[in-house]
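Geometric and topological summary
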Amino acid sequence: MVQFNNTMEVFKLLEKTNCRECNKPTCLAFAAAVFQGRAHLNECPHIDEKIISKYGNGQNTFEPKISQDYQKKIDLLKGNLAGIDLPTKAEKLGGHFTNNKLTIKILGKDFSVDSQGNISTDIHVNSWITPPVYNYIINSSGLPLTGEWVSFRELQKAMDWHTFFNHQCVKTLKEVADTYTNFFEDIIKLFNGKQVENHYDSDISLIIYPLPRLPILICYNKPEDELESDLNLFFDSTADKNCNAEDIYTIGTGLAQMFKKLALTHG
Ligand code: SF4
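Residues numbered from 1 in each chain as written. Predicted model: local features only at pLDDT ≥ 70, side-chain atom pairs only at ≥ 80, totals over all residues. Heavy atoms only, no water.

Some points on the sheet that holds strand S2 (residues 101-106)
- The strand order S1-S2-S3-S4 describes an open sheet built from four strands, whose pairing is antiparallel. Each having just a single partner strand, strand S1 (96-98) and strand S4 (119-121) make up the two edges of the open sheet. The mean angle between the axes of side-by-side strands here comes to 30°, regardless of whether they run parallel or antiparallel.
- With three bridges joining them, strand S3 (residues 109-113) and S4 adopt antiparallel strand pairing. Its bridge partner lying in S4, Ser112 is registered against Ser120. (Pairing = 2+ DSSP bridges. Helix = DSSP H or I, 4+ residues; strand = E, 2+ residues; numbered from the N terminus. Axes fitted to C-alpha atoms, helices over the stretch in contact; angles between N-to-C directions.)

Quick notes on the nonpolar core
- Residues Phe184, Leu233 and Phe235 are the most contacted members of the largest nonpolar core, which totals 76 residues.
- The element best represented in this core is helix H10 (residues 245-266), accounting for nine residues.
- Those residues in contact with Leu233, other than ones at most four positions away along the chain, are Val150, Ser151, Phe152, Phe165, Cys169, Val170, Leu173, Ile216, Leu217 and Ile218.
- Membership of the second largest hydrophobic core comes to five residues, among which are Val196, Leu217, Cys219 and Phe234. (Core = buried A, V, L, I, M, F, W, Y, C linked by side-chain atoms within 4.5 Å. Buried < 20%, exposed > 50% of the residue type's maximum accessible area, 1.4 Å probe, protein only. Contact = heavy atoms within 4.5 Å.)

Regarding the pairing of strand S8 (residues 214-221)
- Across the eight residues that make up S8, a large majority, eight, are buried.
- What you see with S8 is no split at all: Leu214, Ile216, Ile218 and Tyr220 on one side and Pro215, Leu217, Cys219 and Asn221 on the other are buried throughout.
- Bridging between strand S7 (residues 204-211) and S8 involves six bridges; their strand directions are antiparallel. Paired with Ile207 across the strands is Leu217, a residue of S8.
- The loop that links S7 with its antiparallel partner S8 comprises two residues.
- In this sheet, strand S9 (residues 230-236) lies alongside S8 in antiparallel orientation, the contact comprising six bridges. Bridging from a neighbouring strand, Tyr220 pairs with Leu231 of S9.

Observations regarding the site of the ligand
- Near the ligand you find Thr17, Asn18, Cys19, Arg20, Glu21, Cys22, Cys27, Phe30, Cys44, Pro45 and His46, and these make up its full shell.
- In terms of residue class, the shell around the ligand is made up of six nonpolar, three polar and two charged. (Near = heavy atom within 4 Å. Nonpolar A, V, L, I, M, F, W, Y, C, P; charged D, E, K, R; others polar.)

Structural notes on helix H6 (residues 130-139)
- The buried fraction of H6 amounts to nine of the 10 residues, a majority that puts the element mostly inside the structure.
- Those residues of H6 lying buried are Thr130, Pro131, Pro132, Val133, Tyr134, Asn135, Tyr136, Ile137 and Ile138.

Quick word on helix H8 (residues 181-190)
- Considered for burial, the residues of H8 that qualify are Thr181, Phe184, Ile187 and Ile188. Along H8, the residues classed as buried sweep out an arc of 115° about the axis, all on the same side. Residues of H8 that are exposed and point over 90 degrees away from its buried face: Asn182 and Leu190.
- Packed against the buried residues of H8 are helix H7 (162-179), S7, S8, S9 and H10.
- Asn192, located one to two residues past H8, shows a positive phi value of around 70°. (Arc of directions from axis to C-beta.)

Observations regarding the domain arrangement of the protein
- Annotation of the protein at the domain level lists domain 1 (7-60), domain 2 (81-139) and domain 3 (149-266).
- The interface of domain 2 with domain 3 comprises 18 residues on the first partner and 17 residues on the second.
- Here domain 2 packs against domain 3, burying approximately 1400 Å² in sum over the two surfaces, 65% of which is carbon and sulfur.
- In terms of surface lost to domain 3, no three residues of domain 2 exceed Leu107, Trp128 and Tyr136, which account for 51% of the buried area on that side. (Domains from an automatic or database assignment. Buried area = accessible area lost by both parts, 1.4 Å probe.)

Focus: the packing of H6 against H10
- The interhelical angle for the contact between H6 and H10, taken along N-to-C directions, is 145°, at an axis separation of 9 Å. The crossing of H6 and H10 is left-handed. On the side of H6, the interface is formed by Pro131, Pro132 and Asn135, while H10 contributes Asp247, Thr250 and Ile251.
- Partitioning the contact of H6 with H10 into residue classes produces three nonpolar, two polar and one charged. (Left-handed = near helix turned anticlockwise from the far one by under 90°.)

Put into structure tokens, the structure is as follows:
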């Protein structure tokens, strides 16, 4: 039985009519639920029987599968890391190499990795950040930042992820910003967000650095008179060369979920 590696793989199999017959508001929401093991493919009446049998009859095998897959992915990345010249890579990646460890700043905090992939850091390591960090060390082009801000959609290699990114990251962040506006700004500053002066005249314009060569500019405008609030994220034009598209998506959605959790517990 074939298993899914991400939400997009499920989404591609759907009719994308958002008919709601599966009791989910959109096909995308259904795809996310299937990927996360909260729904079964056969709950969509529009999927061909052949596809259902290829991907299974709806038994929930997601949790053990994801932890096995995650561990496999980590082991593979650690193996690849062993062949990397960390001292040479350090400067290119915006970090430094001391005590046999490459150290980079993640959201303003030191995050060190040795050649076996062992991590040492002062911050709590969320599982979503580890694969993108390994990939960044192994594969990043380490291009210097241009200072030219572009939307996720404009990143050529990330175009396929645009719909998911908007849904899982931008929408969630906007909900947090709309509901907990002051706290939203505080969280970004807590993660070392830096002020950007006069950028689009937004009420909140802050840059965070999930990785040294992956700054994200967060611009939020509060609702005013007849105008609704809006939230936009911008990336340096080198983002999709310094990080692969899936990792940018993973980092964006990971941050959005982390902000949401913090807002719900402390906002
Ligand atoms: S029933 Fe199928 S086509 Fe309709 S919204 Fe759900 S997933 Fe999409």
